[in-house]
Amino acid sequence: MFLGHIFVFLYLRTTLAVNQLSDGSPSLYLPTTDNIELLNSQNIKSLVYGSNKAWFVEFYSHWCGACQRFAAHWKDLAKKTKPWHSKVINIAAINCADPKNDKICMEFNIEYYPTLRMFPPNADFQNPEHDSKLVNNRDDLESRIVEFLDQINPVPSEWPIFKDYTSKRLDTLFLENKNAKHGFLVFEDKSSIMGKQLILDFSDRTDLVIRRTTIESNSYLMEKFKIDQRKLPVIYLVFNSKGSVKKHWEFKENLVEKQIDAGLDKRMKYKILIEEFKKNKNQNEELALEEESIKNDNENNLDKNIYSQYKVYMQDLESGLNMIMRFEVARTKLITAEKIDALKKWIKTLIKYFPGRKEVMNYLTNLSIKLNSLKSNEITGDQWIQMTKQDQNNESFLPENTEWAHCKGSSPNYRGFPCSLWTLFHTLTVHQYELELSKSQPFDQNFDVTEVFEAIRLFIKYFFRCSECSENFQKRTLDYLDHLKQPRDAILYLWKCHNMANKHLAEDITADPMYPKIQFPAKDQCEKCYNGTDEFVTDEVFQYLLTFYDSKRILPIKMKSDNIVDLDFNGLDENDLKRYRDSISKKNSLKDLKIDDEIFLTTDSSSKMPLIFFILFVTFGSCYLYSSLKKTNYKLQKHIV
């Protein structure tokens, strides 16, 4: 099975272009070369809704390995269906990992990547599912498009005619396009979609007409032309000559000079034959399916990698936490009870074993209190986002910036978030072991070696949006309980899982060419970890992992904008380091955001009650005093008079 996976990945391997849009946003696609419309939160409603075209949209994340592998298929689909785009259907994509698109991806309840949705022409955003239909990315996507378009009713006037040709006369073939010089009538089985594919392939041409028919819909012409059903599909060429009687004959390869590759399927074979026929009939006519030159620019404008590859940076860990809390968890319309239980366990594990700075740990603790104070056993994605941003201050916050250190890839679609996740997972397992060692009686009956790993599995199952990655991790760790018996087993088992993933993806298109996926640790990192061959010495590896992910060795936050030259903070005295950390705290403190109080059992209003009573006391006291003074003044005036 494992070798089978490797074969599939090698088969799919290709050059993955490094794309960065003009606004700096990362993208797996370029509209000019990939024939894919790039959507975002600003244009998706104006382009997709109310359009005379249908839309086929991929919701993806540029860092997601499954999306990066799927990108080649999506580009291939867009290329094959390019003529369909002009009048009938657009192929599009939206990057849900771009923070600007968070809101729209949440509205569509995008829980896993890639997610494919089809939209009919004149779609209405207010309809259920926002008038879209979910499509499995493992399906034959061209067939699904044809099937979807065939169900559209009413059909926009600009579209070609999909319904079967039922007329007994050939002159009616040109009723919708009287200027067309040639017609092609496809006779095929009822279940075949080739005729409809050809109709779409030439839907942008005005000099020809293509229709399809079957024995069920036009037995008269089938019998008249003496077409053998066993030889279907058959195409007849019809000339738009004067009068009602049209010249016609079977359209075969001998009508064109070009040699057709015998290995092509019938659809592609007929497509090329029709193109060549039209080209030879009018040499001055441009081919409708003119090939675009593909530009693959693999040169990367990289910053110098100033971070060590052999160290753990808090910058990666906190950036990963930010992605988890404010992007991965939030990208769903409704977080159900089952997911909330998994989230509670995940945050509880972070509070116990994440070796973060005080402010971040305070933030996680406060977030856990809010989560456990929910009235309902469900919460919307919007409410969760509010919870993650509420009540942050200099003493309790999680920075909202995402900036990678060791995990920075050679381009935005490499490394980044997945790298930070593995780093976080390893750090948690090691820190659990560290804390236990610090006890007077370590590893007693209260120690649970499965605790961290189970929290990790639940997080990946419910909140890691790369569907293929999540499924693979669940399958490969299905027997995890058999591997977690001794105190150090969680550390070693996670290490083995990580190396297995690295081996699995070493030749994959998702692998950063600048940072190859190797078996960790490499020999130059830990010679003792090898026994003179390529085999690991488990005891030495364990000691290395304890040292590498040691919480005391994690390098503190470093932002580029702070202009501190020494990245490891060597040479900084305690006062300098304190001032630096204080400046970061101030930069990351945010204004408190409001959240619906009714979703909590307890709110912060109780802490404000003394202030409210004081204001009410002053207000009523002032009114009473003013009234008394007015009465006294009135009596005084009356007495004087």
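It should be emphasised that the depicted structure is a prediction, and the values quoted were computed from it without experimental measurement. (Residues numbered from 1 in each chain as written. Predicted model: local features only at pLDDT ≥ 70, side-chain atom pairs only at ≥ 80, totals over all residues. Heavy atoms only, no water.)

A look at the sheet that holds strand β4 (residues 54-60)
In space, the five strands of this open sheet follow the order β3-β5-β4-β6-β7, with mixed pairing throughout. With partners counted over all chains shown, the strands left at the sheet margins are β3 (37-39) and β7 (133-135), one partner each. The mean inter-strand angle of the sheet, taken between neighbouring strand axes irrespective of direction, is 30°. Helix α4 (residues 65-80) contacts β4, β5 (89-95) and β6 (115-119) of the sheet and is inclined by roughly 165° relative to β4. (Pairing = 2+ DSSP bridges. Helix = DSSP H or I, 4+ residues; strand = E, 2+ residues; numbered from the N terminus. Axes fitted to C-alpha atoms, helices over the stretch in contact; angles between N-to-C directions. Contact = heavy atoms within 4.5 Å.)

Focus: the nonpolar core
The tendency in soluble globular proteins is for nonpolar side chains to be buried side by side. Within the largest apolar cluster, 149 residues are counted, with the highest numbers of intra-cluster contacts made by F56, W74, W346, F354 and W384. Per-element accounting of this core gives the leading share, nine residues, to helix α14 (residues 417-437). (Core = buried A, V, L, I, M, F, W, Y, C linked by side-chain atoms within 4.5 Å. Buried < 20%, exposed > 50% of the residue type's maximum accessible area, 1.4 Å probe, protein only.)

Brief notes about helix α11 (residues 337-353)
Look at α11: 24 Å from first C-alpha to last across 17 residues, which is about the 24 Å you get at 1.5 Å a residue. For α11, every residue scored as buried is listed here: K339, I340, A342, L343, W346, I347, T349, L350 and Y353. (Expected span 1.5 Å × (residues − 1).)

Some thoughts on the environment of L545
Here L545 lies in helix α19 (residues 538-548). Classification of L545 as buried rests on a relative accessible area of 1%. In the structure, L545 is positioned 119 residues away from H426 in sequence and 8.4 Å away in space, judged by C-alpha atoms. In this structure L545 touches V430, I491, L492, W495 and F520, once residues within four positions along its chain are discounted.

A short note on the packing of α11 against α14
Two quantities define a packed helix pair, namely the angle between the axes and the distance from one axis to the other. In the contact formed by α11 and α14, the axes pass within 9 Å of each other and the chain directions differ by 55°. Taken together, α11 and α14 sit at an angle that is classed as oblique. At the point where α11 passes α14, the crossing takes the left-handed sense. Touching W346, T349, L350, K352 and Y353 of α11 are L424, F425, L428, H431, Q432 and L435, all from α14. A breakdown of the residues in the contact of α11 with α14 according to their chemical character gives seven nonpolar, three polar and one charged. (Parallel < 35°, antiparallel > 145°, perpendicular 65-115°, else oblique. Left-handed = near helix turned anticlockwise from the far one by under 90°. Nonpolar A, V, L, I, M, F, W, Y, C, P; charged D, E, K, R; others polar.)

Topic: unusual backbone geometry
Note on backbone geometry: most residues besides glycine have negative phi, and most peptide bonds are trans. For the bond from Y113 to P114, the omega torsion is -10°, close enough to zero to count as cis. Position of P114 among the secondary structure elements: in the loop between α5 (102-107) and β6. In this structure, D131 is a non-glycine residue whose phi angle is positive, near 60°. Position of D131 among the secondary structure elements: in the loop between β6 and β7. The phi torsion at R415 lies on the positive side, around 55°, for a residue other than glycine. Take R415: it is sitting in the loop between α13 (381-389) and α14. By relative accessible area, R415 is classed as buried at 19%.

Section: the packing of aromatic side chains
How two aromatic rings sit relative to each other is given by the distance of their centres and the angle of their planes. Considering all chains together, one arrives at 39 aromatic pairs under this definition. Seen from their ring centres, F108 and F125 are 6.1 Å apart, and the 80° between their planes marks the pair as edge-to-face. Taken together, the residues span a long stretch of sequence, with F108 in the loop between α5 and β6 and F125 in the loop between β6 and β7 at a distance of 17 residues. Across the pair, exposure class does not vary: F108 and F125 are buried alike. Its end group placed over the ring of Y220, K168 keeps NZ or CZ at 5.3 Å from the ring centre. Over the ring of F542 we find R488; its NZ or CZ atom is 5.3 Å from the centre of that ring. (Phe/Tyr/Trp six-rings, centres within 6.5 Å; stacked < 30°, edge-to-face > 60°. Lys NZ or Arg CZ within 6 Å of the ring centre and 35° of its normal.)

Focus on the confidence of the model for the protein
The predicted model of the protein averages 81 in pLDDT, with 78% of residues at 70 or higher. Low confidence marks residues 1-15, where pLDDT is under 50. Its contacts with residues over four positions away, or in another chain, come to 19 contacts. Counted against residues more than four places away or in other chains, residues 632-641, with its pLDDT under 50, gives zero contacts. (pLDDT = per-residue confidence, 0-100.)

A few points about the environment of L141
Along the polypeptide, L141 turns up in helix α6 (residues 141-150). Among the residues examined, L141 registers a relative accessible area of 9% and is labelled buried. Separated by 64 residues in the primary sequence, L141 and L77 have C-alpha atoms spaced 7.7 Å apart. In this view, L141 contacts F56, F70, W74, L77, L116, V135 and N136; residues no more than four positions away in its chain are not counted.

A look at the pattern of salt bridges
Side chains that differ in charge, positive against negative, can pair when their charged atoms come close. Applying the stated criterion across every chain, the model contains 30 salt bridges. In this structure, the salt-bridge partner of R267 is E142, at a minimum N-O distance of 2.7 Å. Here E142 lies in helix α6 and R267 lies in helix α9 (residues 266-281), a separation of 125 residues in the sequence. For R267, a relative accessible area of 8% translates into the label buried. For D150, the salt bridge goes to K196, with nearest N and O atoms at 2.5 Å. Taken as a pair, D150 in helix α6 and K196 in helix α7 (residues 194-201) lie far apart in primary sequence, 46 residues in all. (Salt bridge = Lys/Arg side-chain N within 4 Å of Asp/Glu carboxyl O.)

Remarks on helix α15 (residues 451-463)
With 13 residues, α15 extends 18 Å between its outermost C-alpha atoms, agreeing within 8% with the 18 Å of an ideal straight helix rising 1.5 Å per residue. Taken across its 13 residues, α15 has eleven buried, putting it largely inside the fold. Along α15, the positions that sit buried rather than exposed are E451, V452, F453, E454, A455, I456, R457, F459, I460, Y462 and F463.

Some thoughts on the pairing of β4
With seven of seven residues buried, β4 lies mostly within the body of the structure. Residues of β4 alternate between two faces, with A54, F56, E58 and Y60 on one and W55, V57 and F59 on the opposite face, all of them buried. Pairing geometry for β4 and β5, over seven bridges, is parallel. Bridged to V57 within β5 is A92. After leaving β4, the chain enters α4 and then returns to the sheet as β5, a path that is right-handed. The sheet contact formed by β4 and β6 spans five bridges and is antiparallel. Across the sheet, residue F59 finds its bridge partner in β6, namely T115. (Right-handed = clockwise from strand over helix to strand, strands pointing away.)

What about the sheet that holds strand β11 (residues 248-250)?
Backbone-to-backbone hydrogen bonds pair the strands of a sheet. The strands run either parallel or antiparallel. The sheet built from four strands is open, its strands ordered β9-β8-β10-β11 with mixed pairing. Edge positions in the sheet fall to β9 (208-213) and β11, since each has one partner strand and no second. Averaged over all neighbouring strand pairs, the angle between strand axes comes to 20°, with direction disregarded. Sheet topology places strand β10 (residues 234-239) next to β11; three bridges connect them, and they run antiparallel. When the bridges of β11 are listed, L237 appears paired with W249. The strands touched by α7 within the sheet are β8 (182-187), β9 and β10, with β9 carrying the most contacts at an inclination of about 165°.

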